[in-house]
Amino acid sequence: MSATVLFRRGRVIDPRNGVDGVRDVLVRDGKVAEVSDTPLPVPPGAEVVEAAGRWVLPGFIDLHVHLREPGEEGKETVLTGCRAAVAGGFTAVVAMPNTKVVNDSGLVTELVLSRARAANLCHVYPAGAITKGLKGEELAETGELVSSGCVAITDDGRPVMNAALMRRALQYATMFGVPVMVHEEDLTLSAGGAMHEGSVSTRLGLRGIPASAEVAMVARDLVLLEETKGRLHIAHVSCEGSVRLIREAKRRGLLVTAEATPHHVILDDRAVGDYDTHAKMAPPLRADRDVEALREALVDGTIDAIATDHAPHGVLDKQVEFEKGINGIVGLETALGLTLELVHSGLLDAKRAVELLTHGPAKAFGLPGGHLAPGAPADITVVDPLEEWTVDAHRFYSRSRNTPFHGRKQKGRVVQTWVSGRKVYADGQVKESR
Amino acid sequence: MRHLLGIEGWRRDELEAVLDRARAHLPGGPDTTHLLRGKVVANLFFEDSTRTRTSFHMAARGLGAGVLDWSPSGSSTSKGETLLDTARNIEATGPVAIVMRHRSSGAPHLVAKHVRCVVINAGDGTHEHPSQALLDAFTLRQRWGSLDGRTVLIVGDILHSRVARSNLWCLKALGARVIVCGPPTLVPPGLEALGAEVTHNLDAVLPQADAVMCLRLQLERMSEAFLPSTREYSRLFGLTTAREERMKAGALVMHPGPINRGLELAPAVADGARSVILEQVSNGVAVRRAILEVCTS
Ligand SMILES: [Zn+2]
C-alpha cells in the first residue's frame, strides 16, 4: 500500500467537475490531492500508474446491490460481493435490506457494516427496511437505522402496497433526509406473472406482468411525494410509462430520482427465448419501446443512475420451470461493459455514461465520492476502453453465476480499482488487505 | 431424432410429413408393431389427462414399444425432487422418447435441454399442445384435402389455451386463415404478431368460418374474475343452435374435449351434423403413432 499515487496521462472523465481530458491525478493519504493538465513531478516514494490510453474515472457507485448476508451466504457474502464490486470497478455499493434476517434494525445494519470493514475492499452503505420485516404493515425504526449507518430506506423486492403507510414513510423519512427507495409493483396486477405481458409472453404461454403494474405505482408514489415533500428514489425503472411520469415530476421540481439497470437497457423481453430463466427478473425485461424510452431517459437525465440490482442466486434456483425460477441476475462484473455498449453504439457519450455510474448515484443518495476534485476520496477506477473480452461467468468473483450475459463480447474493461487511495483490484486480481 | 416441443418452428413440409404418415396408422392400415419393438416410451404426466395419456399409451403400444407410465402422485416430487431430477431418473431407464405433460409452460423445453432422448410435449401449461393441433389438422385434411384458403375460427379462452396456440401455428403453416374470438380478458396481447386475426364479436365472424373450434372454458376462471358469469359467457360466445344456423353450409364444428355441454357448445351442436368431435378423438391415436415414429426415426 502506497500513501502517494500518481496517475499519469490518463483521460480523466469527471462529469461533476466538468473535466474530460488528459490529466495527471495525484493521490495522497486516501484523498485526491491534485488534478493537473500539465504533467506533475513524481513525488518521492509515490507509486506511478501509467494511464496513457486509459480512462481514469471516479470510482463507480452502485445504489442497488444484494449482498445476501446475513442469511444466504451460499449465494453471496459481504466479502464476496465486495470482491465482485471492485472487480467491476465499483468503489461503493448500497446493500439492500431484504436479507434472510431483514435489515430493519440497527443491529443488522451494524453486522453488515462490520462485515464490510472486515472485507476492507469497497465502501458498503446499508439500506434499511421501510417496514418491519418487509411486511408492509408497520414502519421500521428509521431513526435508528439512519443513526446506525443506513443511507436510504427501502422494502426492495416488494412494494409498499398500503398507500397510507407509504405516505407516512415518505413523511417520516423527511426528518432524516434519506431517500425512500421504492420497488414499484402493484401486486394485484403482477400476480402470477412470470415475464412482461406482450407478444412474447403470449407466444410462450406465460402469464404476463403488464407495464401498468409498475406505472400505476409510480403514479401513486409521485402523488404521495408531492403531498409529503419527501424524497423518493425509484428503483429499476423498466417501462416507458414510468419514464414519462418521472420526467414530468422532475420538471415540476419534485425530489425524485431514478435508476435503471444495464439489463433493462440492453435486453428486451425477447431475451427470454425458450424459457431462459436467466432472463427472468422483477421488474421483467420489457418490450423494445420500453427499452427505447429508458435509453432516452438515460440521455436526458430522467434517469439519474445506472444501478445493477446485483441479485445472486444458485444454479438450482434457475434450473427449474420458468414460472418457478427465482428473479434476478448478478450485475456488478458486467455493468461497465454493458454501459460501454451504449457508448460504442453512440447513444451515450463517455461523459454521460461515467456520470450515470458516479456522480449521478452519489448525488441521488448524498454519498461521498463520485468525483475527483481535490479533497474528494481517492476512489478511482481505471478503465481500458478498447480491451476486448468475453464475459465468463465461471470467473466471476461473485459467489453466483446467474447472468444472461455469459459469453457476450465486450469492449472496454476495468483494469484497476482504488478505494481511499489503496489499490484493491488490478490485473484481474482482487487485492485483499490481509 | 427430433423433439416435438411445440408446433412453432416446424415447417409446412415437416408437418405435412407427419400428417401424411398418420394416414398409414389409421385402423386397418399395415402392421406397424415392429417400428418401436424392444423400445420404451416413457409417459411422464405431471398433470392429469386421461385422454391424452391413454392416446399416447395406445400409440406407443401400437408401434410395439413398452410404455413406462409415470405420474407424480405421492412420489418423489412431493419430497422436493426437482423436475430435472425426475427427468434424469426416467432417462436412466433408457426410453427412446419421453412424452410429457406439465402444468408449467416451457417445462418440456427445460427437460429437452438436459436429456438425450426425444421429448414430446403432451401439453405444457398455457403454451402448446402440439399433438392436439396435429390431430385437429389431420381431421380437417380428411374432410377438405387441403387447408389452403380455408378459414378456421377459434372461440373461447385463448389466453389460457395451449390448444389455441398450437392450432394457430399449425393452421397458419398449413395455409389456413385463423381468426380468434373471445372476451378481451381472455385474449392475450400480441396475437396479431403471431398471425391471428382477433375479434370479440362472434356473430360478426361466424359466417366466414369453414370450421369453428370451440375451446373448453375452465370454470375456475370465474373465480379469477376473468368473466362475470358462465351465463353471460354462453350468451356472448356459446355456439348455440341459433348461431349454428348462421354458419356457412358445410362448415365444421370442433372441440378438443372434454366439453362443458351447454356452455361453450350446445348439446345439439356437439352431436349435430357439423360436428367432427368424435373423429378428432379417433384420429388421435393414429396421429400420435405418426408423431412417435417421425420423432424417433
Ligand atoms: Zn427490486
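These numbers come from a predicted model, not from an experiment. (Residues numbered from 1 in each chain as written. Chains lettered and ligands numbered in written order. Predicted model: local features only at pLDDT ≥ 70, side-chain atom pairs only at ≥ 80, totals over all residues. Heavy atoms only, no water.)

Q: Would you mind showing me how to read the overall build of chain A here?
A: Looking only at helices and strands, chain A has 14 helices and 19 strands in total. Its C-alpha radius of gyration of 21 Å places chain A within 12% of the 22 Å reference for a compact globule of 434 residues. Projected onto the principal axes, the alpha-carbon positions of chain A cover approximately 65 × 45 × 45 Å. Taken over 434 residues, chain A has a buried fraction of 62%. Within chain A, contacts between residues at least 6 apart in sequence are counted, and of these 75% link residues at least 24 apart. When the accessible surface of chain A is summed, it comes to about 15,600 Å², and 50% of that surface belongs to carbon and sulfur atoms. Mean positive and mean negative side-chain charge positions of chain A (50 and 57 charges, respectively) differ by 2 Å. (Helix = DSSP H or I, 4+ residues; strand = E, 2+ residues; numbered from the N terminus. Rg over C-alpha atoms; globule rule 2.2 N^0.38 Å. Buried < 20%, exposed > 50% of the residue type's maximum accessible area, 1.4 Å probe, protein only. Contact = heavy atoms within 4.5 Å. Areas by Shrake-Rupley, 256 points an atom, 1.4 Å probe, with all protein chains shown as cover. Lys, Arg positive; Asp, Glu negative; His and termini not counted. Charge placed at Lys NZ, Arg CZ, Asp CG, Glu CD.)

Q: How do you make sense of the packing of aromatic side chains when you look at a structure like this?
A: Centre distance and the angle of the planes are the two values used to describe a pair of aromatic rings. Tallied over the full model, the rule gives six aromatic pairs over all chains. Pairing F7 of chain A with W418 of chain A gives two aromatic rings, centres 5.2 Å apart and planes at 75°, and the pair type is edge-to-face. Pair noted here: F7 of chain A is in strand 1 (residues 4–14) and W418 of chain A is in strand 17 (residues 409–419), with a separation of 411 residues, a long-range link. In this pair, the class of F7 of chain A matches that of W418 of chain A, namely buried. Between Y233 of chain B and F237 of chain B, the aromatic rings sit 5.6 Å apart at their centres with planes inclined by 35°, giving tilted as the arrangement. Placement of the pair is Y233 of chain B and F237 of chain B together in helix 8 (residues 230–237), with a separation of four residues, close to one helical turn. Y233 of chain B sits in the buried class, given a relative accessible area of 2%. A residue is classified by how much of its surface remains accessible, and F237 of chain B, at 5% relative accessible area, is buried. Over the ring of F322 of chain A we find K280 of chain A, and its NZ or CZ is 5.6 Å from the ring centre. If you follow R2 of chain B out to its NZ or CZ, it ends over the ring of W10 of chain B, 3.9 Å from the centre. (Phe/Tyr/Trp six-rings, centres within 6.5 Å; stacked < 30°, edge-to-face > 60°. Lys NZ or Arg CZ within 6 Å of the ring centre and 35° of its normal.)

Q: I'm lost on the side chain of K280 of chain A in this one. Help?
A: Residues and elements named next belong to chain A. In this structure, K280 sits in the loop between helix 9 (262–266) and helix 10 (288–300). Notably, K280 is buried but unbridged: the nearest opposite-charge side chain belongs to E323, and the N-O separation is 8.2 Å. In terms of polar contacts, K280 uses its side chain to reach the backbone carbonyl oxygen of E323, at 3.2 Å. (Salt bridge = Lys/Arg side-chain N within 4 Å of Asp/Glu carboxyl O. Polar contact = N/O pair within 3.5 Å; in protein donor to acceptor, adjacent residues only side chain to side chain.)

Q: Help me understand the sheet that holds strand 14 (residues 256–260) of chain A, please; the structure alone is not making it clear to me.
A: All names here are of chain A. Pairing in this open sheet of eight strands is parallel, and the strands run 6-7-8-9-10-13-14-15 from one edge to the other. Of all the strands in the sheet, just strand 6 (60–65) and strand 15 (305–306) have a single pairing partner and so form its edges. Pairing of strand 8 (residues 123–128) with strand 9 (residues 152–154), which is carried by two bridges, proceeds in the parallel orientation. Note on strand 9: the bridge partner recorded for A127 is A152. (Pairing = 2+ DSSP bridges.)

Q: I tried to follow the coordination of the zinc ion on my own but got confused; where do I start?
A: Residues and elements named next belong to chain A. At 1.9 to 2.3 Å from the zinc ion lie its protein donor atoms, namely D156 (OD), H183 (ND1) and H236 (NE2). Each donor residue of the zinc ion belongs to the same chain, and together they define the spacing D-x26-H-x52-H. Taken as a pair, D156 in the loop between strand 9 and helix 4 (163–173) and H236 in the loop between strand 13 (232–234) and helix 8 (240–251) lie far apart in primary sequence, 80 residues in all. (Donors = N, O, S within 2.8 Å, 3.2 Å for Na, K, Ca; no water.)

Q: I tried to follow the domain arrangement of chain B on my own but got confused; where do I start?
A: One frequently used descriptor of interface size is the decrease in accessible area upon assembly of the parts. Residues and elements named next belong to chain B. Per the domain assignment, the segments making up chain B are domain 1 (12–128 + 284–296) and domain 2 (130–280). Once you take the C-alpha centre of each, domain 1 and domain 2 turn out to be 26 Å apart. A per-residue breakdown of the area domain 1 buries against domain 2 is headed by R12, L19 and E128, which together make up 32% of the total. In this structure, the salt-bridge partner of E47 is R162, at a minimum N-O distance of 3.0 Å. (Domains from an automatic or database assignment. Buried area = accessible area lost by both parts, 1.4 Å probe.)

Q: How should the interface of chain A and chain B be read in this particular structure?
A: Taken together, the 15 residues of chain A in the interface contact 28 residues of chain B. Carbon and sulfur atoms supply 53% of the area that chain A and chain B bury against each other, a total of about 1,600 Å² over both sides. Sorting the residues of chain A by area buried against chain B places T202, R203 and E321 of chain A first, and these three jointly supply 37% of that buried surface. Here chain A and chain B share two salt bridges between them. E8 of chain B is the salt-bridge partner of R203 of chain A, the closest N and O atoms lying 3.0 Å from each other.

Q: I would appreciate a short explanation of the UniProt feature "binding site: Zn(2+) 2" (unreviewed entry) in chain A in the present structure.
A: Residues and elements named next belong to chain A. Residues given the UniProt feature "binding site: Zn(2+) 2" (unreviewed entry) here are D156, H183 and H236. On the basis of their most widely separated C-alpha atoms, the annotated residues across 81 residues gather in one place, lying no more than 10.0 Å apart. Summarising the element assignment, H183 is placed in the loop between strand 10 (180–182) and helix 5 (187–190). With residues up to four places along the chain from it excluded, the contact list for H183 reads D156, G157, R158, P159, H236 and A282. Looking at H183, its side chain comes within polar contact range of the main-chain nitrogen of G157, at 3.3 Å. Contacts of H236, omitting those with residues within four sequence positions, involve H64, D156, H183, E214, E259, T261, H264, A282, P283 and D309. A distance of 3.3 Å separates the side chain of H236 from the side chain of D156, its partner in a polar contact. (UniProt positions renumbered as here; feature names shortened; annotations may be inferred.)

Q: In this structure, what is going on with the domain arrangement of chain A? I would like to understand it.
A: Residue and element names in this part refer to chain A. Its domain assignment divides chain A into domain 1 (4–56 + 376–430) and domain 2 (60–365). Listed as interface residues are 40 residues of domain 1 and, on the opposing side, 46 residues of domain 2. Surface buried jointly by domain 1 and domain 2 totals about 3,400 Å² across both partners, of which 65% is contributed by carbon and sulfur atoms. In terms of surface lost to domain 2, no three residues of domain 1 exceed R399, N402 and F405, which account for 20% of the buried area on that side. At the junction of domain 1 with domain 2, the criterion picks out one salt bridge. Across the pair R408 and E341 runs a salt bridge, and its minimum N-O distance is 2.7 Å.

Q: What should I look at first to understand the sheet that holds strand 9 (residues 252–254) of chain B in this one?
A: All names here are of chain B. What the five strands build is an open sheet, ordered 7-6-5-8-9; its pairing is parallel. Looking at the sheet topology across the chains shown, the edges are occupied by strand 7 (197–199) and strand 9. Neighbour to neighbour, the strand axes of the sheet diverge by 20° on average, direction disregarded. Sheet topology note: the strand 5 (residues 151–155)/strand 8 (residues 211–214) ladder contains four bridges and is parallel. Bridge pairing links L153 to V212 in strand 8. (Axes fitted to C-alpha atoms, helices over the stretch in contact; angles between N-to-C directions.)

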